[in-house]
Amino acid sequence: MTIYIEEFLLQNIIINFCLLRLLYVSTKYRTNNLKLVSSAIVGAVFSAVSAMFLTDQMLINILKLVCSFLMIFISFNLKTKQFIFSYILLFVYTYALGGALMSFASNSQITTSGIIMQSNYSLELITLFIVLLTYIFELSLKHTKNKILNNNYIYKIQLKSGKNTLKINAFIDTGNNLSYNGKSVMILDNQCFFKLMDIKTILNKDNTILKVATISGVKNLRIHLLDEVKIFSNNKPKIIKNQYVAIDQTNSFSSTNYQALLSPSMI
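Along each chain, residue indices are assigned from 1 in the same order as the chain's sequence is written. Residues qualify for local features only when their pLDDT is at least 70, as the model is predicted, and side-chain atom pairs are given and counted only at 80 or more; totals for whole chains, interfaces and linings, by contrast, use all residues. Note that the side-chain values use all heavy atoms of the structure and ignore hydrogens as well as water.

Section: the overall build of the protein
Right, on to step 1. Counting secondary structure elements, the protein contains 6 helices and 10 strands.
Right, on to step 2. Of the contacts made within the protein by residues no fewer than 6 positions apart, 63% connect residues no fewer than 24 positions apart.
Right, on to step 3. Carbon and sulfur atoms provide 59% of the accessible area of the protein, an area that totals close to 16600 Å². Secondary structure elements follow DSSP: runs of H or I of four or more residues count as helices, runs of E of two or more count as strands, with numbering from the N terminus. Contacts are residue-level and defined by heavy atoms, with any inter-residue pair within 4.5 Å sufficient. Every accessible area reported is derived by Shrake-Rupley at a probe size of 1.4 Å, with residue values counting cover from the shown protein chains alone.

Re the side chain of N16
Right, on to step 1. Along the polypeptide, N16 turns up in helix α1 (residues 5-27).
Right, on to step 2. Taking relative accessible area as the criterion, N16 reaches 9% and is therefore assigned buried.
Right, on to step 3. With near-sequence residues (within four places) excluded, N16 lies in contact with A40, G43, A44 and M71. Three exposure classes are used, based on accessible area relative to the maximum for each residue type with a 1.4 Å probe and protein chains only: buried under 20%, partly exposed in between, and exposed over 50%.

Section: helix α2 (residues 33-53)
Right, on to step 1. For α2, with 21 residues, the first-to-last C-alpha span of 30 Å sits near the 30 Å given by 1.5 Å per residue.
Right, on to step 2. Within the sequence span of α2, burial applies to L36, S39, A40, G43, A44, A48 and S50.
Right, on to step 3. N-capping of α2 is provided by N32, with a side-chain oxygen placed 3.2 Å from the backbone N of L34. Expected span, for any helix, means 1.5 Å times one less than how many residues it has. As used in this structure description, the phrase polar contact means that two N or O atoms lie within 3.5 Å; if the pair is within protein, one of them must be able to donate a hydrogen and the other to accept it, and residues adjacent in sequence are counted only when both atoms belong to side chains.

Some points on the pattern of salt bridges
Right, on to step 1. The term salt bridge refers to a pairing of a side-chain nitrogen on Lys or Arg with a carboxyl oxygen on Asp or Glu at a separation within 4 Å. Throughout the structure, instances matching the rule amount to 1 salt bridge.
Right, on to step 2. Across the pair K241 and E228 runs a salt bridge whose closest N-O atoms are separated by 2.7 Å. Within this pair, whereas K241 is found in strand β9 (residues 238-248), its partner E228 is found in strand β8 (residues 217-232), the two being separated by 13 residues in sequence.
Right, on to step 3. Taking relative accessible area as the criterion, E228 reaches 8% and is therefore assigned buried.

Points about the packing of α2 against helix α3 (residues 57-75)
Right, on to step 1. Two numbers describe how α2 lies on α3: the axes approach to 8 Å, and their chain directions differ by 165°. Here α3 runs roughly antiparallel to α2, going by the angle between their axes. Taken as a pair, α2 and α3 cross one another with a handedness that is right-handed. Taking contact as the criterion, the partners of K35, L36, S38, S39, V42, G43, F46 and S50 in α2 are, on α3, L63, V66, C67, L70, M71, I72, I74 and S75.
Right, on to step 2. Split by residue class, the contact of α2 with α3 holds 10 nonpolar, 5 polar and 1 charged. Under this scheme, a helix contributes an axis fitted over its contacting stretch, all axes are lines through C-alpha atoms, and angles between N-to-C directions fall in the 0 to 180 degree range. Throughout, the term roughly parallel applies to angles under 35 degrees, roughly antiparallel to angles over 145, roughly perpendicular to angles from 65 to 115, and oblique to all others. It is the rotation of the near helix from the far one that decides the hand of a crossing: anticlockwise by less than a right angle makes it left-handed, clockwise makes it right-handed. Classification convention: Asp, Glu, Lys, Arg as charged; Ala, Val, Leu, Ile, Met, Phe, Trp, Tyr, Cys, Pro as nonpolar; all other residues, Gly among them, as polar.

Some remarks on the pairing of strand β3 (residues 154-161)
In the case of a regular strand, side chains alternate between the two sheet surfaces.
Right, on to step 1. Summarising burial for β3: 6 of the 8 residues are buried, a large majority.
Right, on to step 2. Pairing between strands is defined by DSSP: at least two bridges between them are needed. Of the strand pairs in this sheet, β3 and strand β4 (residues 164-172) are connected by 8 bridges, and their pairing is antiparallel. Directly across from K160, in β4, lies its bridge partner T165.
Right, on to step 3. Linkage of β3 to β4, two consecutive antiparallel strands, is achieved through a turn of 2 residues, within which G162 is found at a positive phi near 65°.

Comments concerning helix α6 (residues 190-197)
Right, on to step 1. Three or more residues of α6 are buried, namely N190, C192, F193, F194 and L196.
Right, on to step 2. Among the residues trailing α6, D198 stands out with phi positive, at a value near 55°.

Details of the environment of T27
Right, on to step 1. Relative to the assigned elements, T27 resides in helix α1.
Right, on to step 2. It is 7.9 Å that separates the C-alpha atoms of T27 and S86, two residues lying 59 residues apart in sequence.
Right, on to step 3. Ignoring any residue separated from it by four or fewer positions in sequence, one finds T27 in contact with F85 and L89.
Right, on to step 4. Within the structure, the side chain of T27 is placed 2.8 Å from the backbone oxygen of L23, a separation counted as a polar contact.

Quick look at the structure:
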């Protein structure tokens, strides 16, 4: 089996970068792509030296341990406990990735330097695909994290006006400091307001105008007084009588999973 040094180095650089990316995505320790690539190159050089010049298995294993140490040291600036955790995790990913790559191999050969595999698929493309998956996973993880954090600030609430009631989701907006007549004001989606009041449009004579300063200038919000707002939580529901709501008419809630903004003072 003929192995060209250029292919060997390229494959090892890509594999090492993939392992380091997996480590970064899992731990979120501070680094950058330049450090990861530099570390991957150092790891590839160590592998090339082992394959070409070393035959003693004990010495090869020691060199692998030192190589892993240097790769993490170059990639991240860690404390002792973080370093030990990363060191163990790197080996876990190494064996996991090795098993994944072997599943694509049509022929494999165990040598003193490691396992040499032949595959019907390009090893570089397979590894690059895994690298791409780490970026996709990182983006989805950020989105999921934001959703989890946001969901902690979302409450079920029930609005009441006369005989009509409506249950919706509401988000606690720490920046909502609106007040009217000394009471906090909740911002409500206009479609929810129409449904609650069983109307199709807002009549000017039925509402009070509240002027609010925003980044884009002064914004006029129509204020309406609801009979009751009930906020559900893990404990006993909180009932607020005669709650003012500002009616949003800009469709700000069209892409959210809540239909109102609560003031922190309401919780």
